[in-house]
Amino acid sequence: MSEAANPSSNPTQDRRCRVLVGVCTYNEASNIATMIERLRASLPQADLLIVDDNSPDGTAGIALDLARVDPQVRVMVREHERGLGSAIRCAMSAAIEHSYDYFLNLDGDLSHDPAQLPTLLERATVNPEIDVVVGSRYVSGGKIVGWPLRRRIMSRMVNSFATLCLRLPVKDCSGSMRCYRVDSLCRLNLGDWNCRGYALLEELLVLLDRRDAVMAEVPITFTERQRGQSKLTFREAARSAFQIFRLAFK
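Here we summarise the structure given alongside this text. Model, not experiment: these values are computed from the prediction.

**A closer look at the overall build of the chain**
Of regular secondary structure, the chain possesses 8 helices and 9 strands. Taking all 250 residues of the chain together, the buried fraction comes to 48%. Taking the intrachain contacts of the chain between residues at least 6 apart in sequence as the baseline, contacts between residues at least 24 apart amount to 82%. Surface accessibility of the chain: about 12,000 Å² in total, with carbon and sulfur atoms responsible for 53%.

Here is the structure:
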């Protein structure tokens, strides 16, 4: 469902508005300290949850050291689970369990600029009808920096297919930088989610759309990671494409 125009006062000015930012990590030791520092600067009122899949490079240890001196930072280390999809589900479950008002998510490799998160949160809070705000690379003002032409074409094709076949009212279905109203997530049955990898990002929008959720997009700049290695292998990309195909015809 497209965005409805119903502006209201901004509840971010209300101290009762509780915000949780979730970051899912695996082998991000070179990025995690900077990520936490920049998140705390961009949204000082928010709590921060790092969900780490027991990274062998010591990501969790760095995050835990920072959490010991900052009560608004929490770290959850998953020893027996792997994958972006289940990690996001874990972070969302925490937002629901602890009665937050908004849940924001972004990549843990600094390809998403934490300074852009307040724009997403503001867009969600000024209109109480909005259920999810997507940080979009593909609306006017959105940008991608550092990607080769081949990857740009592949991403465009995936998002065009998802928009057309899944009939979603947004142009960027595969980006993870988003702001969700937690009340809207509460209406989803977390056990109904089938996708465990990157395709969960599309599945989430499908499940929300089927419940007549209102979606909006704001332009963001996505920058290719500068440190560390991408987790999106060809195998994972192929698996995600197959899962999107299944979603389209389910």
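**Looking at the packing of helix H1 (residues 32–42) against helix H2 (residues 59–67)**
If you want to describe how two helices pack, look at the angle between their axes and the distance between the axes. Following both chains from N to C, one finds H1 and H2 inclined at 35°, their axes separated by 9 Å at the closest point. In terms of crossing hand, the pair formed by H1 and H2 is right-handed. For the pair H1 and H2, contact is made by Ile32, Ala33 and Ile36 and by Thr59, Ile62, Ala63 and Leu66, respectively.

**So, the pattern of salt bridges**
Summed over all chains, the structure comprises 7 salt bridges. Across the salt bridge formed by arginine 38 and aspartate 113, the nearest N and O atoms sit 2.9 Å from each other. One end of the pair, arginine 38, is in helix H1; the other, aspartate 113, is in the loop between strand S4 (102–106) and helix H4 (117–126), and 75 residues separate them in sequence. Across the salt bridge formed by arginine 68 and aspartate 65, the nearest N and O atoms sit 2.5 Å from each other. A relative accessible area of 61% places arginine 68 in the exposed class.

**With respect to the environment of proline 44**
Position of proline 44 among the secondary structure elements: in the loop between H1 and strand S2 (47–52). C-alpha of proline 44 to C-alpha of glutamine 72: the two residues are 28 residues apart in sequence and 8.9 Å apart in space.

**Here's the deal with the pairing of strand S1 (residues 19–25)**
Burial analysis of S1 places 7 of its 7 residues in the buried class, which makes it a mostly covered element. Alternating positions in S1 separate into two faces, Val19, Val21, Val23 and Thr25 on one and Leu20, Gly22 and Cys24 on the other, with burial throughout. Two elements, S1 and S4, share 5 bridges in a ladder whose sense is parallel. The residue of S4 that forms the bridge with leucine 20 is phenylalanine 103. What joins S1 to S2 is H1, and the crossover it makes is right-handed.

Rules used throughout
In every chain, residue numbers begin from 1 and rise along the written sequence. In keeping with the predicted nature of the model, local features appear solely for residues at pLDDT of at least 70, side-chain atom pairs appear and are counted solely at 80 or more, and the whole-chain, interface and lining totals rest on all residues. Excluded from the side-chain calculation are hydrogens and water; included are all heavy atoms of the structure. Strands are runs of DSSP state E lasting at least 2 residues, helices are runs of H or I lasting at least 4, and numbering of each runs from the N terminus. Accessibility here uses a 1.4 Å probe with only protein chains present; expressed as a share of the type maximum, an area under 20% marks a residue as buried, one over 50% as exposed, and anything in between as partly exposed. Should any heavy atoms of two residues lie within 4.5 Å, those residues are counted as being in contact. For every accessible area listed, the method is Shrake-Rupley and the probe measures 1.4 Å; residues are considered covered only by the protein chains on display. Inter-axis angles, ranging from 0 to 180 degrees, are taken between N-to-C directions of lines fitted to C-alpha atoms, where helices are fitted over the stretch in contact. Left-handed is the label given to a crossing in which the near helix is rotated counterclockwise from the far helix by less than a right angle, and right-handed is the label when the rotation is clockwise. What makes a salt bridge here is a side-chain nitrogen of Lys or Arg within 4 Å of a carboxyl oxygen of Asp or Glu, nothing more. In this scheme, strands are said to pair when DSSP sees at least two bridges between them. A right-handed crossover is one whose linking path, passing over the helix from the first strand to the second, runs clockwise when the strands point away from the viewer.

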